[in-house]
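# Inside the fold
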Number of protein chains: 2
Amino acid sequence: MQAATNTPVEINYEALSESAIHAMAESFKALADPTRLKILALLFAEERCVGNIAEHLDVSQSAVSHQLRLLRSLNIVRYRKEGREVYYDLADDHVRGILLRTFEHVLHD
Amino acid sequence: MQAATNTPVEINYEALSESAIHAMAESFKALADPTRLKILALLFAEERCVGNIAEHLDVSQSAVSHQLRLLRSLNIVRYRKEGREVYYDLADDHVRGILLRTFEHVLHD
DNA sequence: TAAATACATGAGCATATATTCATGCATTAT
DNA sequence: ATAATGCATGAATATATGCTCATGTATTTA
């Protein structure tokens, strides 16, 4: 999670395919909601099951489940089943990095 | 733009204020639209005036102007006037970093 | 087996959002 | 001064989105 900053990657409009643009928009959209951000902030520290998340956020279990489905579909979170509970976790450190950067961006303004 | 990765910043839910969460959501929301992303991709390389952006994206001048207003309000782009033209540019390298990271995230999937 | 628990999901509704259209406001050209 | 150009903006509309409610499915307990 710490390396990779001086990558030679560049963004130029001509090279960006329509599908890449839409994929990026989808990813950002997933992070563009307070409820989902709160869920991710909780998962930033440790994995949690659905009911636990709902309690902490004071949001209905249904609402949390809907949001988790969306995050799942974009590979932002992953899950594992244990009995009748389903534990969710951040999918990878890529997500952590983006969350951290934006958090900093918001702070230093 | 390249340094700053091993910052000691952490995200934990309890410490995140409601307003910080909303600020982050707003920032992500600004990046969560294909048209705005295309605009930013254009500006990634160089500053451009409104009409020029509209031409390149095949979007109406009005639509571009509306989106630029939103990006402006969140300090994602900045502008300078020159005669009757207004040139827009990315506000800072923070934005570049976030765009690059997400671009990579989308590629490596 | 029946009841309870934990989570997922479809439909419906209220709100948010992106675009278009019409128009306004500067600045430059005639 | 009048017209033209470049950009900004308010209103209206169509679509997208997040939540609730009702219900379904899987797993555990009585």
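To keep things clear, this report deals only with the structure shown in the data block. (Residues numbered from 1 in each chain as written. Chains lettered and ligands numbered in written order. Predicted model: local features only at pLDDT ≥ 70, side-chain atom pairs only at ≥ 80, totals over all residues. Heavy atoms only, no water.)

Moving on to the packing of helix α3 (residues 50-57) of chain A against helix α4 (residues 61-73) of chain A. Residue and element names in this part refer to chain A. Between α3 and α4, whose axes approach to 9 Å, the crossing angle comes to 115 degrees. Where α3 crosses over α4, the two elements pack in a sense that is right-handed. Residue-level inspection shows Val50, Ile53 and Ala54 of α3 in contact with α4, the latter providing Gln61, Val64 and Leu68. Its residues assigned to classes, the contact of α3 with α4 shows 5 nonpolar, 1 polar and no charged. (Axes fitted to C-alpha atoms, helices over the stretch in contact; angles between N-to-C directions. Helix = DSSP H or I, 4+ residues; strand = E, 2+ residues; numbered from the N terminus. Left-handed = near helix turned anticlockwise from the far one by under 90°. Contact = heavy atoms within 4.5 Å. Nonpolar A, V, L, I, M, F, W, Y, C, P; charged D, E, K, R; others polar.)

Below, the discussion takes up the nonpolar core. One finds Phe28(A), Leu99(A) and Leu99(B) to be the most contacted residues of the largest nonpolar core, which totals 70 residues. Apart from residues no more than four positions distant in its own chain, Leu99(B) is found in contact with Ile11(A), Met24(A), Phe28(A), Leu37(B), Leu40(B) and Phe44(B). (Core = buried A, V, L, I, M, F, W, Y, C linked by side-chain atoms within 4.5 Å. Buried < 20%, exposed > 50% of the residue type's maximum accessible area, 1.4 Å probe, protein only.)

Around DNA strand C sit 24 residues in total, of which Ser65(A), Tyr88(A), Thr35(B), Ser62(B) and Gln67(B) are the nearest. The protein-proximal atoms of DNA strand C, defined as those within 4 Å of the protein, are 65% sugar or phosphate. Between DNA strand C and the protein, one listed contact pairs a phosphate oxygen with a backbone N or O atom of Val86(A) at 3.5 Å. For the surface near DNA strand C, the secondary-structure elements that each account for two or more residues are α3, α4 and β3 (85-90) of chain A together with α2 (34-45) and α4 (61-73) of chain B. With 6 residues, the single largest contributor to the surface near DNA strand C is α4(A). Here the residues of the surface near DNA strand C are counted per class, giving 5 nonpolar, 11 polar and 8 charged. (Near = heavy atom within 4 Å. Polar contact = N/O pair within 3.5 Å; in protein donor to acceptor, adjacent residues only side chain to side chain.)

This part is about the side chain of Arg48(B). Among the secondary structure elements, Arg48(B) is positioned in strand β1 (residues 48-49). Filtering out sequence-adjacent residues up to four positions away, Arg48(B) remains in contact with Leu42(B), Leu43(B), Ile53(B), His56(B), Val86(B), Tyr87(B) and Tyr88(B).

A few words now on the sheet that holds strand β2 (residues 77-82) of chain A. All names here are of chain A. If you walk across this open sheet you meet the 3 strands as β1-β3-β2, and the pairing is antiparallel. The strands lining the two open edges of the sheet, one partner per strand, are β1 (48-49) and β2. Of the strand pairs in this sheet, β1 and β3 are connected by 2 bridges, and their pairing is antiparallel. Note that in β3 the partner of Cys49 across the bridge is Tyr87. (Pairing = 2+ DSSP bridges.)

Take it as geometry only, folks, not as evidence of what the structure does.
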